Amino acid sequence: MMQERLQLLFSREQIEQRIRELAELISADYTGRHVAIVGVLKGCFVFLADLIRHLNVDITVDFVQVASYGSRRETAGACTLVKDLGIDIDGRDVLIIEDIIDTGLTLSNLIADLRVRAPASIRVCALLNKQARRRVAVAVDYVGFEVEDVFVVGCGLDFSERYRGLPGIYALLPDEPA
Ligand code: PRP
């Protein structure tokens, strides 16, 4: 069995501080508006729960879940939703919440899908951005932290469904030989 070890990238305190800063920016940008928050399951749920408790604007919260083929979606194209929105976003200001943007394929497909529904605006807020892995250009309006091309877990992010509950964000590394 492969051994692995965790290396701390961002502590709970750093994450909380950054989330407060993001919430201030978002609250300022959406002053007086009612934001339709769209979380992308599953990874978003920890970040989303933290973020919305610091927002100073009216919000509606709903979730989508995108079909995952194998470990990653490999092509840009139609977005298959395992779980669709339960709210109508026609004319609404939509803020998509992601834990991480990697190749950008999930997000670009999702945005194309949501645009058809005629929202007033779509913006994106991601806790982590892995720019080095990008395959399609996507605008990410609010980014918590940039990360190198390492496998990250914690704060909602998993490895084979493990580690989502870790309060910090960690790089998952192969264990060093004894
Ligand atoms: C992660 C993340 C994004 C997507 C980003 O989800 O939450 O939705 O991958 O990758 P991309 O930019 O290369 O498309 P994942 O498939 O790990 O599912 P999960 O959120 O249920 O863990």
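The following refers to the structure shown. Just so we're clear, the structure is a prediction, and the values are computed from it rather than from any experiment.

**As for the packing of aromatic side chains**
The tally for this structure, following the rule as stated, stands at two aromatic pairs. With a centroid separation of 4.0 Å and an interplanar angle of 20°, the aromatic rings of Phe10 and Phe145 are classed as stacked. Of the two residues, Phe10 sits in strand β1 (residues 4-10) while Phe145 sits in strand β7 (residues 142-146), which places them 135 residues apart along the sequence. For Phe145, a relative accessible area of 12% gives the class buried. With a centroid separation of 5.5 Å and 85° between ring planes, the pair formed by Phe151 and Phe159 is classed as edge-to-face. The class of Phe151 is partly exposed, set by a relative accessible area of 39%.

**Considerations on unusual backbone geometry**
In this structure, Lys42 follows Leu41 across a cis peptide bond, with omega equal to -5°. Tracing the chain through its elements places Lys42 in the loop between β2 (34-41) and α2 (45-52). Positive phi values are uncommon outside glycine, yet Cys155 reaches one of about 55°. Here Cys155 lies in the loop between β8 (152-153) and β9 (169-174). A positive phi angle, near 70°, is found at Glu161, a position not held by glycine. Here Glu161 lies in the loop between β8 and β9.

Calculation criteria
Residues numbered from 1 in each chain as written. Predicted model: local features only at pLDDT ≥ 70, side-chain atom pairs only at ≥ 80, totals over all residues. Heavy atoms only, no water. Phe/Tyr/Trp six-rings, centres within 6.5 Å; stacked < 30°, edge-to-face > 60°. Helix = DSSP H or I, 4+ residues; strand = E, 2+ residues; numbered from the N terminus. Buried < 20%, exposed > 50% of the residue type's maximum accessible area, 1.4 Å probe, protein only.

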